[in-house]
Amino acid sequence: MKKKPGKRRIKHGLAPGSLVFTGVQKMEGTRITLIQYNESVYQEQELKSIDDLLGLMKDFKGVSWINIDGVHDTKTVELIGGHLGLHKLTMEDVLSIGQRPKIDTYDDYLFIVLKMFMYKENTHDLEDEQISFILKENTLLTFQEKEGDVFTHVRNRIKEGKGWSRKRGADYLLYALVDAVVDHYFLVMETLGEAIENIESDLLSAKDDAILPKIHALRNETLYLRRSVYPLREVVNRLEKSEHPAINPDTKIFIRDLYDHTIQVIESIEVFREMASGLVDLYMNTISNKMNSVMKVLTIIATIFIPLTFVVGIYGMNFENMPELGWRYGYFLILGLMVLIVLLMVIYFRKKKWM
Amino acid sequence: MKKKPGKRRIKHGLAPGSLVFTGVQKMEGTRITLIQYNESVYQEQELKSIDDLLGLMKDFKGVSWINIDGVHDTKTVELIGGHLGLHKLTMEDVLSIGQRPKIDTYDDYLFIVLKMFMYKENTHDLEDEQISFILKENTLLTFQEKEGDVFTHVRNRIKEGKGWSRKRGADYLLYALVDAVVDHYFLVMETLGEAIENIESDLLSAKDDAILPKIHALRNETLYLRRSVYPLREVVNRLEKSEHPAINPDTKIFIRDLYDHTIQVIESIEVFREMASGLVDLYMNTISNKMNSVMKVLTIIATIFIPLTFVVGIYGMNFENMPELGWRYGYFLILGLMVLIVLLMVIYFRKKKWM
Amino acid sequence: MKKKPGKRRIKHGLAPGSLVFTGVQKMEGTRITLIQYNESVYQEQELKSIDDLLGLMKDFKGVSWINIDGVHDTKTVELIGGHLGLHKLTMEDVLSIGQRPKIDTYDDYLFIVLKMFMYKENTHDLEDEQISFILKENTLLTFQEKEGDVFTHVRNRIKEGKGWSRKRGADYLLYALVDAVVDHYFLVMETLGEAIENIESDLLSAKDDAILPKIHALRNETLYLRRSVYPLREVVNRLEKSEHPAINPDTKIFIRDLYDHTIQVIESIEVFREMASGLVDLYMNTISNKMNSVMKVLTIIATIFIPLTFVVGIYGMNFENMPELGWRYGYFLILGLMVLIVLLMVIYFRKKKWM
Amino acid sequence: MKKKPGKRRIKHGLAPGSLVFTGVQKMEGTRITLIQYNESVYQEQELKSIDDLLGLMKDFKGVSWINIDGVHDTKTVELIGGHLGLHKLTMEDVLSIGQRPKIDTYDDYLFIVLKMFMYKENTHDLEDEQISFILKENTLLTFQEKEGDVFTHVRNRIKEGKGWSRKRGADYLLYALVDAVVDHYFLVMETLGEAIENIESDLLSAKDDAILPKIHALRNETLYLRRSVYPLREVVNRLEKSEHPAINPDTKIFIRDLYDHTIQVIESIEVFREMASGLVDLYMNTISNKMNSVMKVLTIIATIFIPLTFVVGIYGMNFENMPELGWRYGYFLILGLMVLIVLLMVIYFRKKKWM
Amino acid sequence: MKKKPGKRRIKHGLAPGSLVFTGVQKMEGTRITLIQYNESVYQEQELKSIDDLLGLMKDFKGVSWINIDGVHDTKTVELIGGHLGLHKLTMEDVLSIGQRPKIDTYDDYLFIVLKMFMYKENTHDLEDEQISFILKENTLLTFQEKEGDVFTHVRNRIKEGKGWSRKRGADYLLYALVDAVVDHYFLVMETLGEAIENIESDLLSAKDDAILPKIHALRNETLYLRRSVYPLREVVNRLEKSEHPAINPDTKIFIRDLYDHTIQVIESIEVFREMASGLVDLYMNTISNKMNSVMKVLTIIATIFIPLTFVVGIYGMNFENMPELGWRYGYFLILGLMVLIVLLMVIYFRKKKWM
């Protein structure tokens, strides 16, 4: 996951509304899928070219969902935008990877751009992907950077018609898709929570192999998530408040529910931030405790032997007149004396709770 | 008490409004209790099946309080929801344990979900439980995860009719129950306050056995409580401001009082947070003071003996021409000299306040 | 001063509006004082029973100020409440010690509850006391926990009629009393300021006997004050904005002035909080500086003697062939060498600014 | 500069609106200056008594600026207040040194109180002084604690008529004077900025003689300034928004400019606060780096000599059978061995980057 | 980049609206460029004197963009201001370098002042420059401190007519130029992000040569940027909300886009601030880890040799009766004993994870 905000150099110096893809190409080609349904019909087809699109849409009475995977193909995106009468700035935002989540209201359509988070199947790395929604009457356009998304469940539910109001319009579809995106945030929250718990128990059981970089990475990840999720609250709130004709009043009760979920994600992130900074304190303390205990034991050893070394030094002096040297058991007396010193010091240290 | 926010995986990929229980089942079966009262009558009965419910409610002129213990039984919850004409999303929220406290206003009913905190009788562990309220005309529905609640006092007061306006409607009952929940928060605040005071006095009397994990746990607990109580303010505020027909204007003065209590709980939590971070400072300081005093005493001992060891080293040299060695009282002179050195060093250390 | 927020257990489980005294009884019995005045008359009397009250009030044209010392007597409080037609919740708040400062507007009266701070005459300990005001037409009720208050000056000014508009109503009296309470906050601020200055100068002159507990207590005191004073701002603001008939528009200019004072107190507390946390930094630094200087001097001594001890060790070896031992002035040469070593090390340490 | 907020004891217990000077008398007597001007006339005179004032003002068509130096003379202030019909609370605020900057709107006049900062000419100490403005129709009253102010430039500009619209009214004069006060804040900002830069370069060049008290004083100064300047923003903002007849709409564009300057001062103070706390970090680090480098070098020396001392200790033993002692070049071999040990240790330390 | 806020001394004591240049002169002379265009025409010319300007502007139907490089020439600026009927305060702000970004609305024109950031070509130092915009009907005036700006791309796009609506008015030009300024902020963000990443990887790979001053500089830079960019949000927001006739409603959709970019820049800065303070933690930790590991190894060595030195000290004593000294293999036994001691200590240290 890239954590550096502010990538926009590629577009630097171009006119506003210039259609340039600013991300990294993640798939080859572009795939356009058209799903159309109403109460009785469900049809799904992959389109070869844009030209088929308009015809197919005109004839159909119901919801049309056009999904474009691979936004690096500026040509295709531009064509679709032209067909549907989208504003130049909308098309620019679709192509500019690194957008802040936002909602833009135009006279005849709504434009929403979000960040989607999911786990790579093999590496369990967190990946993020920008996704754009355009809602125009009964048509929903979605643009993704690459194939594979978090919408499989939604697609299946439409197909099966199970638990799904095929009677509802494209605005409900929009809601269902955004809800699926937010649902994935909960998965991320859970993984973060587990990561924090793991670090915590590592810290309390005093395993400290390279824990700081982990905490540091965690904090940066939390920062990044926060930056992506915070604007989402405003997006959903404005969607709920919106008087746009494309949004059916009946759908608003669902959007309010979605708003609650968004708040919940944001609060989780805030809690994680505070927990992460609590972890830093805990880490600093564990480190210093450990170091202190090392220093303490070593210093105690040193302190016991220094007076002893002094004592043996005394009887290593070469004075001619040192009565003790001539005593029969002088040597053994001194050895005893030294044992006594050691014992007294140990008792003193014990009493002072240093040992 | 689980402290990890963001558990929602179980529902991942399901349609919005799907009725799935997301918590841990805490009791067997489901218990439905119906309490009905008006100025003259009070009756309480346990229902075997939902079907009896509608008949019992239709015939009664007064307040009906239906309490359901054990929300894991999605069938029962769904049936009740159907009977009372509740929205699918409401039913979903009732079943989703881990909800953020909130209030939802529907045309014909109010939906409130809260977190309840209480102490386990044996272990004195803090437990939390989600509780949902649905207020529809003169009927109040409450959903709890398991039997045993904080409402015993309220139930007794209704039964005895003591200090209790049986004349008032179901909105006053709602207020009384939420007030009972908030009252329990004060118990939690008290326990937290005592925990902080204990840690503080432990710190000041220098007992430091494993105090940091305690402080850390305390901070996490405060974080968790805060997350549960903060939204409560908004819930109660919106309840007070609500123009919903189910809320009698006479009840609002009580809700305002409840709002004051909520603010008081929130401020207590804020104070505890600041106190807890003050404790960390105090702890860090106690630790470093203790370590410093260990190091200081040990270093002083070492420093006194190092020069002495040097002196005895001198007279351990084997030079042929060392006049002092031949002196009659050289040995004793040297011993005296060393005593003098020790005395001077002790005086110096004393003057510098290092001893 | 108790610093633990959240005491409310005593009331736990009781009906809202139950009249129970939640504090600690601070005086015996209850004292009811009635002061009545208008432009020409001033009379002050202590009442034996509540029954006299209504008669005395009915006959008088002017301001009546009823002061009740000792709110632990729930009977008396209840009676007065009944006579004046006060809401059950108001009476409950009067009796609940530990209220958050607040203002409640009822149709026919205003209810204000505040925290009063003063110094005990003997111990100079800070004491706090809850005081409640009820303003109803031209009558002002004040409830205090015990005798002895901050209102002596106000009482004298009314009596003497000096600097005091006896023409003004009970709302002006309310203002004057609250102003007296806020005036006492300034005394507390001053004492806090002096305490901070004392600690600061102790720290800079390196007296550190038990300074941390002092700073810790100071921070907790500041926290407690803050919690009591912050809501005051809202209380006074709402009093100023209030359209209640009991508040004469002419009095509002004084309440605005009172508001300014409240803001000033709050800002002082904020400054003290920042200063107190600055003190912690200063303290930590003083401690570490002191420890460092101890370690430094001691380590320098050790370092000087270690090489010397090595040198004398060399000539204490018993090799048969050690030419220096036979030299006539070997011993004195070595002594000279060691003096040289010491000098060089001292010069080096001086240059490096370690000595 | 006094930094302790909250001085108000002197007034404690007095009636609201009592006229008592609460500051320290800074000059002898009181000086009243009257400046009157219109498009054609400019006259400046020092008044002996208040009585002359009214006559002089009545006859003049144009702006009258009355400046009173030395507010300790409560008599004079009271008289002027009476002549101009000012509210008792206004006069009280004029005399109460230690006021929070504020604006009070009365029906027929505006009252503004500010803090002025300037440098003493000799000591370069920062001094603060309270200044009050009263704007009533075409008359401006200013009250200062002592002679000597920041208004010399304004006075000269009026006199010379240069760059100065003598056509404008007293509200423009008020603006010009407040602008002069704010201009002086910029000087203070500059000095603070230089102080921070000096400390910073001292820290980076490792001069640390008593830097912490300097940083501490700087932080307290910043705190004090902040407390004085923050309310100014509100004052100027309310002046701009004010619909008071004394403020000519044409002047508002200038007040808006003044507002921008105030914001700029506030932002500077915020930046200084963050910088000052950055300095503390830098200081702590410098100290610990320095201490660490002392400890490191000393410990390295000790560590090199300890094994050597052990080696020479071995050959100081008195065993009868120690073959090496009899070797011809044993002594020199051992000396060589020790040189080798030192070399190896130095290489090891170098590799580990400890030297 | 100067980081010290609050430079305004140069103007101290002057009348408001005095035209004085407060910056550092960055180029010689002043260069006036006039670009005029409409759908069919594009002409660009450098003007020798102001007098030509009015004539050229009167005759042209389309957008006129007058760019003045070198605002130190107060004469020229004053003349232009006079010709276009600008307010004295506007002209003063144009000349006052160090302005806070702001927008001022006058009846017949809009005034915007911004900070522009760019990299010096040779040194890669960050430079900032103040730029002022005046939009009056179809004329846009821009004032810069020196030649060379971030507008080259915009100028080229107009000239080529590519991607550029020559049909649009001067308000669109204003938008395009401000957008170019904001675009440059993204470059700065990117460089900051790289700097942070470099410091981070230096820290984790334990290269710590003078990293703290780098972090310190980074934090100050972030502070400075923040102070420049924060007000920009308000500027753009008020531009979007503005009902000023000079702003065409069609342009607002672009300004909204610009607003999104501004928010994005601000959020990046906030993230950088948090990251930078995370870096300080990481740095402190790296330092203390490193020091700890030095101390640990050295102390271990010392601790091993101290008991050994004691042992050899024992057999260096000169007692007459020390049986071991006479043993045939006493010396070798002792050597073996010491090897054993070393082994045991190493094993103990290993077990305790200190080695």
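Just so we're clear, the structure is a prediction, and the values are computed from it rather than from any experiment. (Residues numbered from 1 in each chain as written. Chains lettered and ligands numbered in written order. Predicted model: local features only at pLDDT ≥ 70, side-chain atom pairs only at ≥ 80, totals over all residues. Heavy atoms only, no water.)

Brief notes about the overall build of chain A
Looking only at helices and strands, one finds nine helices and seven strands in chain A. Its C-alpha atoms give chain A a radius of gyration of 34 Å, more than 25% over the compact-globule value 20 Å for 355 residues. On the principal axes, the C-alpha backbone points of chain A span a range of 120 × 45 × 35 Å. Every one of the 355 residues in chain A was classed for burial, and the buried ones make up 58%. In chain A, of all internal contacts separated by at least 6 residues, the share reaching a separation of at least 24 is 66%. Across chain A, 45 positive and 48 negative side-chain charges occur, with their mean positions spaced 5 Å apart. (Helix = DSSP H or I, 4+ residues; strand = E, 2+ residues; numbered from the N terminus. Rg over C-alpha atoms; globule rule 2.2 N^0.38 Å. Buried < 20%, exposed > 50% of the residue type's maximum accessible area, 1.4 Å probe, protein only. Contact = heavy atoms within 4.5 Å. Lys, Arg positive; Asp, Glu negative; His and termini not counted. Charge placed at Lys NZ, Arg CZ, Asp CG, Glu CD.)

A closer look at unusual backbone geometry
Residue and element names in this part refer to chain A. Of note, E137 is a non-glycine position whose phi angle comes to about 50°, a positive value. As for its placement among the helices and strands, E137 is situated in the loop between strand 6 (126-136) and strand 7 (139-144). When its relative accessible area of 63% is taken as the criterion, E137 is described as exposed.

Re the arrangement of the chains
When C-alpha atoms are compared, chain A and chain C, though not in contact, are closest at a spacing of 9 Å. There is a gap between chain B and chain E: no contact, and a shortest C-alpha distance of 9 Å.

Description of the relation of the copies chain B and chain C
Take chain B, turn it by 72°, move it 0.0 Å along the axis, and it overlays chain C with an RMSD of 0.2 Å. Given the turn and translation reported, the copies of this chain are related as if by a five-fold rotation axis. When C-alpha distances to the rotation axis are compared across chain B, the minimum falls at G316 of chain B, with a value of 4.6 Å. Looking at chain B, a mere 11% of its interface residues are interface residues in chain C too, so the copies touch through different faces. (Least-squares fit on C-alpha atoms with pLDDT ≥ 70 in both.)

Details of the pattern of salt bridges
On inspection of all chains with the given rule, the structure shows 85 salt bridges over all chains. With a shortest N-O distance of 2.9 Å, R100 of chain A and E267 of chain E are connected by a salt bridge. Linking R100 of chain A in the loop between helix 3 (88-95) and strand 4 (102-105) with E267 of chain E in helix 7 (residues 252-314), this pair reaches from one chain into another. You can call R100 of chain A buried: its relative accessible area is 17%. Under the relative-accessibility criterion, E267 of chain E is labelled buried at 17%. The shortest N-O distance in the salt bridge between D93 of chain D and K102 of chain D comes to 2.7 Å. Since its relative accessible area comes to 2%, D93 of chain D is described here as buried. A residue is classified by how much of its surface remains accessible, and K102 of chain D, at 6% relative accessible area, is buried. Here the salt bridges do not stand alone but share partners, grouping D93, K102 and D104 of chain A together with R256, D257 and D260 of chain E into one network. (Salt bridge = Lys/Arg side-chain N within 4 Å of Asp/Glu carboxyl O.)

Observations regarding helix 3 of chain A
Counting buried residues along helix 3 of chain A, seven of its eight residues qualify, which places the element largely inside the surrounding structure. Those residues of helix 3 of chain A that sit buried are L89, T90, M91, E92, D93, V94 and L95 of chain A.

Here we look at the interface of chain B and chain C
Between chain B and chain C, the contact holds 61 residues from the first and 63 residues from the second. Note on chain B versus chain C: buried area summed over both sides is about 5,800 Å², and carbon and sulfur give 62% of it. Contact with chain C buries surface across chain B, with E190, F310 and F319 of chain B losing the most and accounting together for 11% of the total. Applying the counting rule to chain B against chain C returns six salt bridges. (Buried area = accessible area lost by both parts, 1.4 Å probe.)

A word on the interface of chain E and chain A
Each side of the interface is counted separately: chain E has 61 residues, and chain A has 63 residues. Together chain E and chain A conceal approximately 5,800 Å² of surface at their shared face, both sides included; 62% is due to carbon and sulfur atoms. Seen at the junction of chain E and chain A, the total is six salt bridges. Where chain E packs against chain A, one counts 14 residue pairs in polar contact (both at pLDDT 80 or more). In terms of residue count, the dominant contributor to the side of chain E that touches chain A is helix 7 of chain E (31 residues). Considered class by class, the residues forming the side of chain E that touches chain A number 27 nonpolar, 18 polar and 16 charged. (Polar contact = N/O pair within 3.5 Å; in protein donor to acceptor, adjacent residues only side chain to side chain. Nonpolar A, V, L, I, M, F, W, Y, C, P; charged D, E, K, R; others polar.)

Description of the sheet that holds strand 5 (residues 110-119) of chain D
Residue and element names in this part refer to chain D. Spatial ordering of the open sheet is given by 2-1-3-7-6-5-4, a layout of seven strands whose pairing is mixed. The open sheet has two edge strands, strand 2 (42-47) and strand 4 (102-105), and neither has a second partner. Averaged over neighbouring strand pairs, the angle between their axes works out to 20° when direction is ignored. Pairing between strand 6 (residues 126-136) and strand 7 (residues 139-144): six bridges, direction antiparallel. Bridge pairing links I134 to L141 in strand 7. Of the strands in this sheet, strand 1 (31-37), strand 2, strand 3 (63-69) and strand 7 touch helix 1 (residues 50-59), which is tilted by about 5° from strand 1. Set on the sheet, helix 3 (residues 88-95) makes contact with strand 4, strand 5, strand 6 and strand 7; between it and strand 6 the angle comes to about 160°. (Pairing = 2+ DSSP bridges. Axes fitted to C-alpha atoms, helices over the stretch in contact; angles between N-to-C directions.)

With respect to the relation of the copies chain E and chain A
For the match of chain E to chain A, the screw axis carries a shift of 0.0 Å, the RMSD comes to 0.2 Å, and the turn is 72°. An overlap of only 11% is found between the interface residues of chain E and their copies at the interface of chain A, pointing to separate contact surfaces.

A few points about the confidence of the model for chain A
Residue and element names in this part refer to chain A. Chain-level statistics for chain A give a pLDDT mean of 84 and a share of 92% at 70 or above. Across residues 1-9, confidence stays below pLDDT 50; counting only partners more than four residues off in sequence or on other chains, it has 29 contacts. In the model output, the complex is listed with pTM 0.80 alongside ipTM 0.75. (pLDDT = per-residue confidence, 0-100.)

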